[in-house]
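# Secondary and tertiary structure notes
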Amino acid sequence: MEKSELVAKVKEAINLTKEKDFNSAGKIYVELLKHDKNNPTILSLLGLLYLNIGKINGAKKLLTKANKLNPNNPTTIEALGFVMYNLCEFQKACTFFEI
């Protein structure tokens, strides 16, 4: 997939998320991950989507992987804090909020 096509698909998924069409946005992110399963941006975006729709365990898996690939992304770090909070892992949540 060409970079311009990737960027266009990510923008489309972000717009669908803003419109609360989480199912369609999720499908786009999953399809993009088939082309690049280690893309930290897409992993993080899908993880955030899962967090927002209550798929906490899926969010944890995706955001943890995104964080390992790109440990300096503040959005991913903060989202991991919220994941841990939702899982009642408060000590872990604090470590993400303290960074």
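Reference entry: report on the structure contained in this document.

Criteria and cut-off values
Along each chain, numbering runs from 1 in the same order as the chain's sequence is written. The predicted nature of this model means local features are confined to residues of pLDDT at least 70 and side-chain atom pairs, given and counted, to a pLDDT of 80 or more, with totals for whole chains, interfaces and linings taken over all residues. Heavy atoms throughout the structure, all of them, feed into the side-chain values; hydrogens and water do not. Only DSSP runs of H or I covering at least 4 residues are called helices, and only runs of E covering at least 2 are called strands; the numbering of each starts at the N terminus. The reference for a compact globule is 2.2 Å times residues^0.38; the radius of gyration itself is calculated from the C-alpha atoms. Each residue gets one of three labels from its accessible area relative to the maximum for its type: buried under 20%, exposed over 50%, partly exposed in between, using a 1.4 Å probe on protein chains only. Contacts: residue pairs with any heavy atoms within 4.5 Å of one another. Computed by Shrake-Rupley with a 1.4 Å probe, the accessible areas treat only the displayed protein chains as cover when residues are assessed. For patch building, the residue pool is restricted to those with more than 30% relative accessible area and no salt bridge; the joining distance is 9 Å between like charges and 5 Å between nonpolar side chains (Val, Leu, Ile, Met, Phe, Trp, Tyr). In the sections that follow, a salt bridge refers to a side-chain nitrogen of Lys or Arg positioned within 4 Å of a carboxyl oxygen of Asp or Glu. In this analysis, rings of Phe, Tyr and Trp, with Trp reduced to its six-membered ring, are considered paired at centre separations within 6.5 Å, and the interplanar angle assigns stacked below 30 degrees, edge-to-face beyond 60, and tilted for intermediate values.

### As for the overall build of the protein
- A tally of helices and strands in the protein yields six helices and zero strands.
- Reading the protein from its N terminus to its C terminus gives the helix and strand order α-α-α-α-α-α.
- For the protein, the C-alpha radius of gyration of 13 Å lies close to 13 Å, the compact-globule estimate for 99 residues.
- By its C-alpha atoms, the protein is 40 × 25 × 20 Å across when sized along the principal axes.
- For the protein, buried positions account for 33% of its 99 residues.
- If you take every contact in the protein between residues at least 6 apart in sequence, the share linking residues at least 24 apart comes to 35%.
- As displayed, the protein has an accessible area near 6,300 Å², and 54% of this comes from carbon and sulfur atoms.

### A short note on a nonpolar patch on the surface
- Judged by side-chain polarity, Phe-82, Tyr-85, Phe-90 and Phe-97 come together as a nonpolar surface patch covering roughly 420 Å² of accessible area.
- Relative to the elements of secondary structure, Phe-97 occurs in helix 6 (residues 90-98).
- In this structure Phe-97 comes out as partly exposed when scored by relative accessible area, which is 39%.

### Description of the packing of aromatic side chains
- Inspection of the entire model under this criterion finds two aromatic pairs.
- Taken together, a centroid distance of 5.2 Å and an interplanar angle of 75° make the contact between Phe-82 and Phe-97 edge-to-face. Placement of the pair is Phe-82 in helix 5 (residues 74-86) and Phe-97 in helix 6, with a sequence separation of 15 residues.

### Regarding the side chain of Ser-44
- With respect to the helices and strands, Ser-44 occurs in helix 3 (residues 40-53).
- With residues up to four places along the chain from it excluded, the contact list for Ser-44 reads Leu-63, Ala-66 and Thr-76.

### Things to note about the pattern of salt bridges
- Taken as a whole and judged by the stated rule, the model has four salt bridges.
- With its nearest N and O atoms 3.9 Å apart, the salt bridge here joins Glu-12 to Lys-9. Taken as a pair, Glu-12 and Lys-9 lie in helix 1 (residues 3-18) at a separation of three residues, close to a single helical turn.
- Lys-92 serves as the salt-bridge partner of Glu-89, at 3.4 Å between the closest nitrogen and oxygen.
- Several salt bridges share partner residues, and in doing so they unite Lys-60, Glu-89 and Lys-92 into one network.

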